[in-house]
Amino acid sequence: MATSAQHFSVNPPSTLLGPSNCNYKTPSLQISKNPLIKPIKTQSLKEICRQESLKEAFRSLSSSFTGQNPPQFRLDDAYSLVLELCASEKCLKQGQQIHTHIAKSNAVGDRVFLSTTLVFMYGKCGSLLNAEKVFDRMSERSVFAWNAMIGAYVAKGEPFEALELYRVMRVYGVPLDARTLFCVVKACGKLKNLCNGSEIHALAIKLGLGDHVFIANSLMGMYAKCDALDVAIRLFHRMSGRKDVVLWNSIISAYIASGQFIEALRIFGEMLEAGLSPSTYTFVMALQACEDMSLGKVGMEIHAAILKSNHHRHVYVANSMIVMYTRCGKIGEALRIFYAMDERDSISGSSMLSGFVQNGLYNEALEFCQEIQEAGLKPDQGSVVSLLAASARSGNLMCGMEIHAYALKSGLDTDLQVGNTLIDLYSKCSKTNYMDSVFQKIPQKDFICWITVIAGHAQNNCHLRVLELFREAQLEKEGVDKLMIGSILRACSGLKCISLAKEIHGYILRRQLSDLVLHNTFLDVYGGCGNVQYASRIFKLIEAKSIVSWTSMISCYVNNGFSNEALDLFLSLKETGIDLDSIALMSVLPAVANLSALWKGKEIHGFLIRKGFIPEGSIASSLVDMYARCGILDNSLRVFNCTRDKDLVLWTSMINAYGMHGHGKAAIDLFKQMEDENLVPDHVTFLALLYACSHSGLVDEGRKFYEAMKNEYQLEPWPEHYTCLVDLLGRANHLEEAFQIVEGMHTEPTAEIWRALLGACRVHSNKKLGEIAAQKLLELDPESPRNYILVYNVFAATGRWDDVVEVRMRMKGKQLKKDPACSWIEVGNKVHTFIARDRSHPQSDEIYEKLREIIEILEREGGYVAQTKFVLHDVEEKEKVKMLHGHSERLAIAYALLGTPEDSIVSRVGSALVEISGDILKITYSRIRVLTESKADGYSNYLLCPIKCCRSIRVLEAL
């Protein structure tokens, strides 16, 4: 049947879907009026298609249509050959052009055959919608058409649709073949549907296809994905005598899918012993099995086998070797393979970039990207993800933004994985506004996207934004997993929102999501919110406590001022036999420092040394702080000097240690040394420096460093810096200047600032400024008993007893009660605590008798007179003397003097360092203001003079 004359011109766009070898201009395909049987050099076209040259195939097909005397041929075969070539090359646009011509030409004979080929082509090219359209319009379908459509679903990642179509196929009674079962078994594997997969296996046996190698390979892969490796192994052994390379590949792949890499390599060795020659795919899988660093030597042996078999020139094998060597940490070897490759694809560069990132070579990854771009390789999606990860982990924001710009130009910014990595980049670089912008532009957000952006805001302490995003995720019907809950709980802790933390806790209990990690997280959250009771209850409920659980609970106690409980819990931890790590040991060091439990601190230091923990970084900083707060500055200095790599935190800790002991000049000298080491001070460093100047009376130096912080280092002062500066000026009686600084602050002064000013007004008897500071202090923080006690003391020091009574009445009305000040001393590896006029100690009578003896000697031989001006109570002078004699520090020192001559005691009593060894007593006052409410507040209010007592104890120093 003749058709009307027509011309069909094919002009594909310059950019085509599919691999890079499809990017060319296809020649015009000219078709003139012709009958069904047309002359064409079919054999020539077959040869061209075998050579996989789509461009030449189109040219040959077009010239054959317009030739003068071409031979006879079947047009169906010609179309089929070109469509199969389009499928293999995944060139969708060219396949669509052939489809358009078939629909217009009406010159085909076997419509079922060509429609089946079209379904196959669309499926291979990933165009599932077009494949469905062709399949649905077929009036007659062969088993090949059904197989093509089922295979298209499987290839596109729609295994459920594949099984549904298979059921329809069975209902229609279409006969099955090996290809049908192969595709259906593969779909069952993707769904991990062992039940259906086993049914298909039984059907294959029933149809006599059970021993078919093609089916056996598919079944072994399915069983491996369904965690039934034992069945796959039995199936493999039953195929004895019929094992080809493909079957060996299948069982090796099954072992790898199950994570049994050693077994996979053993099977690979058996395959070589059986005399089979590995294929390219075999070598690729064997290299995948060598992903563990311990298997690097085996990987090198496989590399040698690849070189002998001449498979190293294959790009897939070379890429696998690159991946293997980068996973084993041998970047140099991977680079050598990369540069030796005759042909490279995008995966080659992407694998190399990923290897740099995995090995922490972030700057090298960025340099390598520039190198491959200069060589003409453009970064693909995987490369962009690796480069963004490298920028994020190295903190290189500018480079990350350049890659972001490239992703925008390349159209990769809407890719989900690229978008998630961009969110992570801006999160690590603290650019939350950029992070939100990227998040909003992602068209189809998945669950990982929500987790990433919520975690990013949590890490940047944007706690309210975390809760907003969490609500949005709930409105979008997104699920909740443990990672997201962890970010929400971090926000609850930052906001001190214990009510929301309880809600999340209840949600977890109802959903039965509790595990050890979440339990530990709740310990941190409740501890951060100050609810120690809840944290303690959760800790007791944890059956299998890990070292993290113990560390979290110890930190909870320490951070909430329960140092004794923290130390007791640490002792319980040691009894459990759990291996202690450096973090657990560092968590208890602040408790040791708070209690001045020097011997416990030394024990922990010794344990760190015995366990091989190098005193570097945070360990060294914690030890420096612990020794300084226990009064042993020399040990702090030894730890500092023995540390090789001193970071900013360690320098700051040592500066703070000097300041704590009143060595302001030494602190300043150390700061200058730090600057010479090209370390840039931060806010905390200047805080320690101002603290040192304050406690050494270095007013001019303190002013200078305050100005340098603002002008030279461009650091905006924190409220804590103003507190230190006001304290510095107040101690030196520059009260007007201190008041002007408070008045000139850009932000509202905090209660701590007014408290520092009020304390200075009390010392220097400045009533006018004292009244202003007292009023401001009680307005800002009317619920703190400390503030009322300080105001009470100011009024009492000036004899304003009516105002004192009013303050006491206000405290009583608010039901405020101040914890009594206490002093403690460590004797015999045990901490003894005392409060003023304490009678609770078992040796109380002996302590007071010893104290009476000391006072008598002081009065008789040292001319000691009690300084009753420090007793701020409206009582008689005699009563004031009694109150002064019952001071908690005196009780602690008297108890220390009760020890035997062999005792050696070094401890801190309030603001004094007490050292007793034999008949020598040394007391050093370092003028430390105690900040913890449970300790004695203010300065020491008496001074011991050189004395001799019944045990010939001498005071060598009293500063």
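Under the annotation held in an unreviewed UniProt entry, the protein chain carries the name DYW domain-containing protein and is attributed to Rhododendron griersonianum. Reading the Sequence similarities (unreviewed entry) entry of the UniProt record for the protein chain gives the comment "Belongs to the PPR family. PCMP-H subfamily."

Draft legend 1. Seen up close, the packing of aromatic side chains. Counted under the stated rule, the structure contains 20 aromatic pairs. An aromatic cluster is defined as three or more aromatic residues linked by ring pairs; in this entry it consists of Phe338, Tyr339, Phe356 and Phe368. Its end group placed over the ring of Phe640, Lys646 keeps NZ or CZ at 5.2 Å from the ring centre. Seen from the ring of Phe705, Lys704 lies directly overhead, with NZ or CZ sitting 5.0 Å from the centre.

Draft legend 2. Just the nonpolar core, in detail. Membership of the largest hydrophobic core comes to 266 residues, with the highest contact counts inside it found for Met149, Ile252, Ile302, Met352, Ile488 and Leu757. Not counting residues within four places of it along the chain, the set of residues in contact with Leu757 comprises Val726, Leu735, Ala738, Phe739 and Ala773.

Draft legend 3. The arrangement of the environment of Gly659 in detail. Tracing the sequence through the fold places Gly659 in helix α37 (residues 648-660). Residue Gly659 is classed as buried on the basis of its relative accessible area of 0%. Put simply, Gly659 and Cys693 are 34 residues apart on the chain and 7.1 Å apart in space, counted from C-alpha to C-alpha. Aside from chain neighbours lying at most four places away, what touches Gly659 is Ala667, Tyr691, Ala692 and His695.

Draft legend 4. Highlighting helix α44 (residues 767-780). Here α44 contains 14 residues, and its C-alpha end-to-end distance of 20 Å stays within 8% of the 20 Å for a straight helix at 1.5 Å per residue. Looking at α44, one finds that the buried residues are Leu769, Gly770, Ala773, Ala774, Leu777 and Leu778. Within α44, the buried residues cover an arc of 155° as seen down the axis, which keeps them to one side. Exposed and oriented more than 90 degrees from the buried face of α44 are Lys768, Gln775 and Glu779. On its buried face, α44 sits against α42 (735-743), α43 (751-763), α45 (785-797) and α46 (801-813). Put simply, Asn766 is the residue that caps the front of α44, since its side-chain oxygen is 3.5 Å from the backbone nitrogen of Lys768.

Draft legend 5. Spotlight on the side chain of Ser653. For Ser653, the location among the structural elements is in helix α37. You can call Ser653 buried: its relative accessible area is 14%. Leave out the neighbours within four places in its chain, and Ser653 touches Ser621 and Val624.

Draft legend 6. Region of interest: helix α13 (residues 245-257). With 13 residues, α13 ought to run about 18 Å at 1.5 Å a step, and its terminal C-alpha atoms sit 18 Å apart, in line with that. Of the positions making up α13, those classed as buried are Leu247, Trp248, Asn249, Ser250, Ile251, Ile252, Ala254, Tyr255 and Ile256. Immediately beyond the C-terminal end of α13, within one or two residues, lies Gly259, with a positive phi of roughly 80°.

Draft legend 7. Structural view of the UniProt feature "repeat: PPR" (unreviewed entry) in the protein chain. The feature "repeat: PPR" (unreviewed entry), as given by UniProt, occupies residues 142-176, 244-278, 345-379, 546-580, 647-681 and 682-712 in the numbering adopted here. Along residues 244-278 one finds 74% helix and 0% strand; the C-alpha atoms at either end are 10 Å apart. Helix makes up 77% of residues 546-580 and strand 0%, whereas the separation of the span's terminal C-alpha atoms amounts to 10 Å.

Draft legend 8. The arrangement of the packing of helix α18 (residues 331-340) against helix α20 (residues 362-374) in detail. Their axes nearest at 14 Å, the elements α18 and α20 cross at an angle of 5°. Between α18 and α20, the interaxial angle falls into the category roughly parallel. Judged by residue contacts, Leu335, Phe338 and Tyr339 of α18 engage Phe368, Glu371 and Ile372 from α20. For the contact of α18 with α20, the per-class residue count stands at five nonpolar, no polar and one charged.

Draft legend 9. View of the side chain of Thr723. With respect to the helices and strands, Thr723 occurs in helix α41 (residues 719-731). Excluding residues that lie within four positions of it along the chain, Thr723 makes contacts with Thr750, Glu752, Ile753 and Ala756.

Draft legend 10. Examining the pairing of strand β3 (residues 822-827) more closely. Most of β3 sits out of view: six of its six residues are buried. Going residue by residue along β3, you find Cys822, Trp824 and Glu826 tucked away on one face and Ser823, Ile825 and Val827 tucked away on the opposite face as well.

Draft legend 11. Highlighting the state of the cysteines. Enumeration over the complete set of coordinates arrives at zero disulfides. As a non-bridged cysteine, Cys328 has Cys290 as the owner of its nearest cysteine sulfur, 6.9 Å distant.

Draft legend 12. Representation of a positive patch on the surface. On the surface, Lys90, Lys124, Arg179, Lys186, Lys190 and Lys225 cluster together into a positively charged patch. Considering every element that reaches the positive patch, the biggest residue donor is helix α9 (residues 178-191), with three residues. Inspection of the secondary structure puts Lys90 in the loop between α3 (75-89) and α4 (92-105).

Draft legend 13. The arrangement of the packing of helix α31 (residues 547-559) against helix α33 (residues 582-595) in detail. Closest axis-to-axis distance for the α31/α33 pair is 9 Å, and the angle between their directions is 20°. The orientation of α31 with respect to α33, classified from their angle, is roughly parallel. Considering how the two elements wind past one another, α31 and α33 form a crossing that is left-handed. Residue-level contacts link Ile547, Thr551, Ile554, Ser555 and Val558 of α31 to Ile583, Ala584, Ser587, Val588, Pro590, Ala591 and Asn594 of α33.

Draft legend 14. Region of interest: unusual backbone geometry. For Gln714, which is not glycine, the phi torsion reads 55° and is therefore positive. On the secondary structure map, Gln714 appears in the loop between α40 (699-711) and α41. Residue classification places Gln714 among the exposed positions, given a relative accessible area of 61%. One non-glycine residue, Ser765, lies in the positive phi region at around 55°. Along the polypeptide, Ser765 turns up in the loop between α43 and α44.

Here is what the cut-offs are and how they apply
Residues numbered from 1 in each chain as written. Predicted model: local features only at pLDDT ≥ 70, side-chain atom pairs only at ≥ 80, totals over all residues. Heavy atoms only, no water. UniProt positions renumbered as here; feature names shortened; annotations may be inferred. Phe/Tyr/Trp six-rings, centres within 6.5 Å; stacked < 30°, edge-to-face > 60°. Lys NZ or Arg CZ within 6 Å of the ring centre and 35° of its normal. Core = buried A, V, L, I, M, F, W, Y, C linked by side-chain atoms within 4.5 Å. Buried < 20%, exposed > 50% of the residue type's maximum accessible area, 1.4 Å probe, protein only. Contact = heavy atoms within 4.5 Å. Helix = DSSP H or I, 4+ residues; strand = E, 2+ residues; numbered from the N terminus. Expected span 1.5 Å × (residues − 1). Arc of directions from axis to C-beta. Polar contact = N/O pair within 3.5 Å; in protein donor to acceptor, adjacent residues only side chain to side chain. Axes fitted to C-alpha atoms, helices over the stretch in contact; angles between N-to-C directions. Parallel < 35°, antiparallel > 145°, perpendicular 65-115°, else oblique. Nonpolar A, V, L, I, M, F, W, Y, C, P; charged D, E, K, R; others polar. Disulfide = S-S within 2.5 Å. Patch = residues over 30% accessible without salt bridge, like charges linked within 9 Å, V, L, I, M, F, W, Y side chains within 5 Å. Areas by Shrake-Rupley, 256 points an atom, 1.4 Å probe, with all protein chains shown as cover. Salt bridge = Lys/Arg side-chain N within 4 Å of Asp/Glu carboxyl O. Lys, Arg positive; Asp, Glu negative; His and termini not counted. Charge placed at Lys NZ, Arg CZ, Asp CG, Glu CD. Left-handed = near helix turned anticlockwise from the far one by under 90°.

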